[in-house]
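Tertiary structure, described
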Amino acid sequence: MKRLDIAIAGCGVAGLACAALLRRLGANVVLFDKLDAPRPLGSGIILQPVGLRALDDIGAGDAIRALGAPIERLSGRASPRGNVVLDVRYAARGKDAPCGLGVHRGALFQVLYDAALAAGATIENDRDVVEARDGRLIFADGSSSAAFDLIVDALGMRSPLSGAPPKPLPFGALWASLDWAGPFDEAALQQRYVQARKMVGVMPIGRLKGETRKQAAFFWSLKHADRAAWLAAPIEKWKADVLSLWPETEPLLAQIASHEDMVFATYAHRTRSNPVSRACVHVGDAWHCASPQLGQGANMALLDALALARALETQGNLDAALDEYTRLRFLHIQLYQAASWMFTPAYQSDSDAFAFVRDWIMSPLSRLPPAPAILAGLVAGEIGAPLRTIGRV
């Protein structure tokens, strides 16, 4: 295949990963981002073994491992009884099975940004993409880019290039990155629930590049319909609600002085039937977005980037490469979109029935072999063997 000129719209995880990998194939790559200086949004995520494998191919694996915090298990307890209703351990997949890595989104952004620049990608800021047409990107100010052989849509779930934006799920979440404090397990994501209506969580996310302070991602489930009331009420009222559910969070709550210290994240569930449109190829949330319950968003984006690079590397022409990209990712995405759709109501919904099933049916069954290994494989991103499919085992 000839040397391609590739435009990437969006400077997030998917866009930066694509930029680093496609430049290494010899393509000319230009990233376009609407911000005056690209930067991450959000707090913390878990990089799963599949995502870490993709980062190794990008050349950023060692850098992110030096910043992140190993996650060995996911744990959740229901209030008021305190009984364990979530207990997923990566070790259930085998003694030497790799675990997850809690990272600050800023740390992941930085290592990917560095990798993209080191590979030779060009980044253009203040470019608000609104359309793709005839191989060109059209910007909000009416200007357009040069013509490209391929446009990669990495603009996320609200991308104007991937059709009408999906309807947000009823529940979002408040997030904050705080200094690590309190009697929490430094190798676990821990959560507390009241039915499926309330959820508070704490997760170690390591540190940012150039800093020594360890941090925690703190999050609280909140419905869109309740956000205005949350903003109108004194912050201390909300803190009291959190403390009644999980008193040990007090050292973390002490770091939150106002509503502005929390970021409200919204989620949606959508899968485009085809990641290739006439104008571009879609990656990450621009192709498939879901709730965060399985923690797969960034990992799926990294796998998409890996698959796109693999397809362009092995196929003789662009049309064949885009068909191959679709084939490499289709099954894994379908499996995880279905799993996310099924699991979400058990952790974020108004349904007492879903919470009952979670606590008294799903939880006991999850402890019986082979369920622990299957759940660990699901969380690790390995169901459907995505790396083997892509050819990167």
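From a predicted model like this one, the values you see are computed outputs, not experimental measurements.

1. Looking at the packing of aromatic side chains
The full count for this structure, using the stated rule, is 11 aromatic pairs. For the ring pair F32 and F139, a centre distance of 5.6 Å and an interplane angle of 40 degrees mean the geometry is tilted. With a gap of 107 residues between them, F32 in strand β2 (residues 28-32) and F139 in strand β10 (residues 136-139) connect regions that are remote in the sequence. A relative accessible area of 3% places F32 in the buried class.

2. Re a nonpolar patch on the surface
Together, F356, V357, W360, I361, L365 and L368 line one region of the surface with nonpolar side chains, adding up to about 580 Å² of accessible area. Tracing the backbone shows W360 in helix α10 (residues 352-365).

3. Notes on the sheet that holds strand β6 (residues 83-89)
Here we have seven strands laid out as an open sheet, ordered β6-β5-β13-β14-β15-β12-β16, and mixed in their pairing. Two strands bound the open sheet, and with one partner strand each, they are β6 and β16 (263-265). Taken over all neighbouring pairs, the strand axes of this sheet differ in orientation by 20 degrees on average, direction set aside. Bridge count between strand β12 (residues 171-179) and β16: three bridges; the pairing is antiparallel. Bridging across to β16, A173 finds its partner in A265.

4. Things to note about the pairing of strand β5 (residues 73-79)
Across the seven residues of β5, five count as buried, placing the element largely inside the fold. Relative to β6, β5 is paired through six bridges, and the arrangement is antiparallel. Opposite A78, over in β6, you have N83 as the bridge partner. The hairpin formed by β5 and β6 contains three residues between the paired strands, and G82 there has a positive phi angle of roughly 80 degrees. Across seven bridges, β5 lies against strand β13 (residues 188-194) in parallel orientation. Residue pairing in the sheet places R73 in a bridge with A188 of β13.

Rules of the game
- Residues numbered from 1 in each chain as written.
- Predicted model: local features only at pLDDT ≥ 70, side-chain atom pairs only at ≥ 80, totals over all residues.
- Heavy atoms only, no water.
- Phe/Tyr/Trp six-rings, centres within 6.5 Å; stacked < 30°, edge-to-face > 60°.
- Helix = DSSP H or I, 4+ residues; strand = E, 2+ residues; numbered from the N terminus.
- Buried < 20%, exposed > 50% of the residue type's maximum accessible area, 1.4 Å probe, protein only.
- Patch = residues over 30% accessible without salt bridge, like charges linked within 9 Å, V, L, I, M, F, W, Y side chains within 5 Å.
- Areas by Shrake-Rupley, 256 points an atom, 1.4 Å probe, with all protein chains shown as cover.
- Salt bridge = Lys/Arg side-chain N within 4 Å of Asp/Glu carboxyl O.
- Pairing = 2+ DSSP bridges.
- Axes fitted to C-alpha atoms, helices over the stretch in contact; angles between N-to-C directions.

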